[in-house]
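# Notes for the structure review
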Amino acid sequence: MKILVVDDSEAFRKLMIELLVRAGFHDVVEAEDFEKAIEAFKKNRPKISFVDMILPGRTGVDLTKAILAVDPGAVIIAMSSIINKKMIRDSLDAGAKDFLLKPTNEIALSAVLAFWSD
Amino acid sequence: MGLFSRKSKVGKPDAESGLGITRKYSLLQGRTYVVEESPSDISFDAFVNIVSTTVNGSKKTVGLAVSRQHPDLIKQKYGLEATPIYWLATRTGDDVVAPTNLGILTHMLIKFVEENPSGVILLDGLEYLVSNNDFNKVLRVIDQVSDHISQSKSVLIIPVDPRAFTPKELALLERNVEKIVGSRRTS
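The following paragraphs examine the structure supplied in this document. What you see is a predicted model, and the numbers here were worked out from it, not measured in a lab.

So, how was this worked out
Think of each chain on its own: its residues are numbered from 1, step by step along the sequence as written. Note on labels: chains are lettered from A, ligands numbered from 1, in written order. Confidence filtering applies because this is a predicted model: local features only for residues at pLDDT of at least 70, side-chain atom pairs given and counted only at 80 or more, and all residues used for totals across whole chains, interfaces and linings. Neighbour counting defines burial: a residue surrounded by 20 or more other C-beta atoms within 10 Å of its own C-beta is buried, one with 12 or fewer is exposed, and intermediate counts give partly exposed, using backbone-placed C-beta atoms. What counts as a helix is a DSSP run of H or I of at least four residues, what counts as a strand is a run of E of at least two, and both are numbered from the N terminus. Between any two strands, at least two bridges found by DSSP are needed for them to pair. For this entry, the nonpolar core is defined as buried Ala, Val, Leu, Ile, Met, Phe, Trp, Tyr and Cys residues connected by C-beta atoms within 7 Å. Contact criterion: two residues are in contact if their C-beta atoms, reconstructed from the backbone, are within 7 Å. In this classification, the charged set is Asp, Glu, Lys and Arg, the nonpolar set is Ala, Val, Leu, Ile, Met, Phe, Trp, Tyr, Cys and Pro, and all remaining amino acids, among them Gly, are polar.

## Some thoughts on the pairing of strand β6 (residues 155-160) of chain B
All names here are of chain B.
- For β6, a buried count of six out of six residues is recorded, marking the element as mostly surrounded by other parts of the structure.
- Every second residue of β6 is oriented toward a common face, with V155, I157 and P159 on one face and L156, I158 and V160 on the other, all of them buried.
- As paired strands, strand β1 (residues 31-38) and β6 are joined by six bridges and run parallel to one another. Of the residues in β6, the one forming a bridge with Y33 is I157.

Right, here's the structure in full:
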């Protein structure tokens, strides 16, 4: 199963990839901004996309809508380092399925993957 | 009036508004969890996730947090609006618990468990408590609260930085509790 990680922090992307690989998900692509994320999504068609809510220039909500316009069946998990209830509601309203608090960990990530990878 | 009744008033906990997201942590009721980590990311994430979500339409879980971090910072970062948060500090104030006042801390936590038998407690700042008290006294607090937890459906989460304790102290802390080994972030 392909997974896309979108975050402008290279360190966080590496951490996510490390956790995903440890959880048995080796087919991971990454992107640092909106444009690269859309390009990577169209090219790879990942089943799950982990999307940071705050990206350079555009928001995670914008990206969520853009990804779902390409593939309405895509599973998007919003991420943020703070819990802003309005931002989370906006993401869910835009079509994101779930939310992960950054920096995430094996327990929370495994729960999300188990829930949404079927 | 009881010995601690005036000072150890626990703020009335209320359920957080649901976030509409899934429950990520399946912690067993009536258990105490020691989470080996620094900083306390897993513990806070678990605590916030539990008070902000429900499972299969169950009743919302109310929480109580005690931390060395200032309550305003915690509320801001984790979006907590209804959960009482107490600051472990030597300042005075309504939401402050002095680190040397272990009696009041114990009473406050036990009172919360008695009044909220399915609640969740986050006890962050164990290192600060130990630096202000004899280790065995702090251990006694945890044992007393854990005893009440095990007779309820509540959950107690205690983040612990293993570097701050001797192997013997760590072993004593982790007796009769569930252990979660997290990571140590350096950046």
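There's plenty left to go through after this.
## Quick word on the nonpolar core
- Ranked by internal contacts, the top residues of the largest apolar core, which has 83 residues, are I77 of chain A together with F47, I157 and I158 of chain B.
- Among the elements that make up this core, the one with the highest residue count is helix α1 (residues 41-52) of chain B (seven residues).
- Dropping the residues within four chain positions of it, F47 of chain B is found in contact with G63, A65, V120, L122 and I157 of chain B.

## Describing the pairing of strand β3 (residues 48-52) of chain A
All names here are of chain A.
- By the criterion of burial, β3 is predominantly enclosed, with five of the five residues buried.
- Of the two faces of β3, the one holding I48, F50 and D52 and the one holding S49 and V51 are both buried throughout.
- Here four bridges tie strand β1 (residues 3-6) to β3, and the two strands are oriented parallel to one another. Each residue of the ladder has a partner; that of L4, found in β3, is S49.
- The sheet contact formed by β3 and strand β4 (residues 75-80) spans five bridges and is parallel.

## Topic: the interface of chain B and chain A
- Every contact between the two is made by 17 residues of chain B and, on the other side, 17 residues of chain A.
- When contributions to the side of chain B that touches chain A are tallied by element, the ones reaching two or more residues are α1, α2 (71-78) and β7 (178-184) of chain B.
- Examining the composition of the side of chain B that touches chain A, we find that four residues originate from one element, α1 of chain B, more than from any other.
- In terms of residue class, the side of chain B that touches chain A is made up of six nonpolar, six polar and five charged.

These values are about where atoms sit, not about what they do.
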